[in-house]
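# Architecture at a glance
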Amino acid sequence: MRAERGLCEAVTDAGIVRAEIPGTADQGDPLSAPCTGDWAALRPATPGRGPVVHAVTARRTALVRSTASRSSHGHVLAANVDTVVVTVSLAAALKHGRTERMLALAWESGARPVLVLTKADRCADVQSAEAELAEVAPGTDVLVTSAVTGQGLDTLTAVLDGTVALLGPSGAGKSTLGNRLLGEDRLATGAIRETDGKGRHTTAWRELLPLPGGGVLLDTPGLRAIGLHDAQDGLEQTFADIERHAQDCRFTDCAHGREPGCAVMAAIEAGEIPQRRLDSHQRLLRENAYAASRTDARLRTGREAVRKGIAQNLRATYRFRERQS
Ligand SMILES: Nc1nc2c(ncn2[C@@H]2O[C@H](COP(=O)(O)OP(=O)(O)OP(=O)(O)O)[C@@H](O)[C@H]2O)c(=O)[nH]1
Ligand SMILES: [Zn+2]
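Cut-offs used in this document
Residues numbered from 1 in each chain as written. Chains lettered and ligands numbered in written order. Predicted model: local features only at pLDDT ≥ 70, side-chain atom pairs only at ≥ 80, totals over all residues. Helix = DSSP H or I, 4+ residues; strand = E, 2+ residues; numbered from the N terminus. Buried ≥ 20, exposed ≤ 12 C-beta atoms within 10 Å, placed from the backbone. Contact = placed C-beta atoms within 7 Å. UniProt positions renumbered as here; feature names shortened; annotations may be inferred. pLDDT = per-residue confidence, 0-100. Domains from an automatic or database assignment. Nonpolar A, V, L, I, M, F, W, Y, C, P; charged D, E, K, R; others polar. Pairing = 2+ DSSP bridges. Axes fitted to C-alpha atoms, helices over the stretch in contact; angles between N-to-C directions. Right-handed = clockwise from strand over helix to strand, strands pointing away.

All right, on to the environment of Thr61 then. As for its placement among the helices and strands, Thr61 is situated in the loop between strand 5 (52-56) and strand 6 (62-66). Thr61 sits in the buried class, given 21 other C-beta atoms within 10 Å. Distance in space between the C-alpha atoms of Thr61 and Val81 is 6.1 Å, their sequence separation being 20 residues. Those residues in contact with Thr61 that lie beyond four places of it in its chain are Asn80, Val81, Ser109, Gly110 and Ala111.

Below, the discussion takes up the UniProt feature "binding site: Zn(2+)" (unreviewed entry) in the chain. Per the UniProt record, the feature "binding site: Zn(2+)" (unreviewed entry) sits at Cys249, Cys254, His256 and Cys262. Tracing the backbone through its elements, the reader meets Cys249 in the loop between helix 7 (240-246) and helix 8 (263-269). In this structure Cys249 touches Cys254, Glu259, Gly261, Cys262, Ala263 and Val264, once residues within four positions along its chain are discounted. Examined against the element boundaries, Cys254 turns out to sit in the loop between helix 7 and helix 8. Once residues within four sequence positions are removed from consideration, Cys254 is found in contact with Ala246, Cys249, Glu259 and Cys262.

Bringing the confidence of the model for the chain into the picture now. Of the residues in the chain, 77% have a pLDDT of 70 or more, and the chain-wide mean is 82. Per-element averaging of pLDDT across the chain places helix 5 (residues 190-196) at the bottom with 53 and strand 9 (residues 112-118) at the top with 97. A low-confidence stretch, residues 297-303 stays under pLDDT 50, and its non-local contacts, those more than four residues away or across chains, total 7 contacts.

Every buried residue of helix 4 (residues 174-182) is accounted for by Lys174, Ser175, Thr176, Leu177, Gly178 and Leu181. The elements touched by buried residues of helix 4 are strand 8 (83-89), strand 9, helix 3 (153-159), strand 11 (163-167) and strand 13 (216-218). After helix 4 finishes, the residue Gly183 shows a positive phi value of roughly 80°.

On to the domain arrangement of the chain, then. Segmenting the chain into domains produces domain 1 (2-76 + 297-324), domain 2 (77-218) and domain 3 (232-295). Each side of the interface is counted separately: domain 2 has 11 residues, and domain 3 has 11 residues. Across the side of domain 2 that touches domain 3, the residue classes break down as 5 nonpolar, 3 polar and 3 charged.

What follows is about the sheet that holds strand 9. Pairing is mixed in the open sheet, where 6 strands are placed in the order 10-9-8-11-13-12. Across the chains shown, the open sheet's two edge strands, defined by having one partner strand only, are strand 10 (141-144) and strand 12 (208-210). Neighbour-to-neighbour, the strand axes of the sheet open up by a mean angle of 25°, direction not taken into account. The sheet contact formed by strand 9 and strand 10 spans 4 bridges and is parallel. Directly across from Leu117, in strand 10, lies its bridge partner Val144. The sheet contacts of helix 2 (residues 126-136) involve strand 8, strand 9 and strand 10, and relative to strand 10 the element is tilted by about 160°.

Okay, the pairing of strand 8 next. In terms of residue burial, strand 8 counts as a mostly covered element, since 7 of its 7 residues are buried. Here strand 8 shows a buried face lined by Thr83, Val85, Thr87 and Ser89 and a second buried face lined by Val84, Val86 and Val88. Note: strand 8 against strand 9, 7 bridges, orientation parallel. Bridge assignment links Val84 to a residue of strand 9, and that residue is Pro113. Following the backbone out of strand 8, through helix 1 (residues 96-109) and into the adjacent parallel strand 9, one traces a crossover that is right-handed. Where strand 8 meets strand 11, 4 bridges bridge the pair, whose relative direction is parallel. Bridge pairing links Val85 to Leu166 in strand 11.

Along the chain, Ala79 turns up in strand 7 (residues 74-79). Linking Ala79 and Thr36, residues 43 residues apart in sequence, is a C-alpha distance of 6.2 Å. In this structure Ala79 touches Cys35, Gly37, Asp38, Arg59 and Ala62, once residues within four positions along its chain are discounted.

Right under this line is the structure:
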């Protein structure tokens, strides 16, 4: 459920237990340290020592954030998320670049993003906003919702699958939406935070909350505003429309500027792709290249280590299970 400083909370058949994360569990690589959403094998408590994390199984998906410090690798914020709800408020000016960044992050994780437009009750022209955002998110489901009128909430519940995470700027309505999905007020919303001024860390909150229709809502601090980290594939998916045209450029390394035979510029001139979107794509590619350059070699070897570590962990897990049976 959550992990910090050598300890984690884990859901087991016997209920929630606190388990020790031994120093060896992350093999010196923060990418493989257990985090919210991981499945782990625990060694049962012995007299004088509580349960210990023995192995963490391979992750189906991982939301990774680049850390601010130069020496660090990426940091896994959440594992095994199936659906990422990317929230965009219809009550504020639309910032497409930010939305595209979140979509790239979600795609990169291996989870399926759903673009959820919130606060439809506060928007005069929902239809054109929806059309605009459909262009920003080709290949992604776009849903219009309102926590006030209840619009779109049934549809959203129906499309959510497995472990669900909420991503979006502050004030977009993530907590409000989360509470509607949970059917009770478990997440502190803007209104509440303003009155008690303490924030949600004061209550013993859980980072994995069961959803009434099945699945869980994953709500972990720090997940809400994260930067791109080595999200090459995620960007390709997010800008699939540009990438499709780019295959027809005369030069394979076309920068889509003044090159002759640039199919992307042709598509922009024909009004098929907005110039804003190409600018945003290039800005995010630069941001991603910067994040990748800071960590490059170490991250890649780290990733290899994660893969190897996971394979080793799995073999160890199987041996462990055999011994138990
Ligand atoms: N009119 C209207 N207001 C909403 C809706 N959803 C949320 N709000 C309001 O928007 C404000 C922010 O909502 P939150 O749910 O706290 O937003 P958040 O995304 O969780 O914000 P952070 O926790 O700061 O990231 C609150 O005052 C909510 O009451 C909606 O559908 N319609
Ligand atoms: Zn080109």
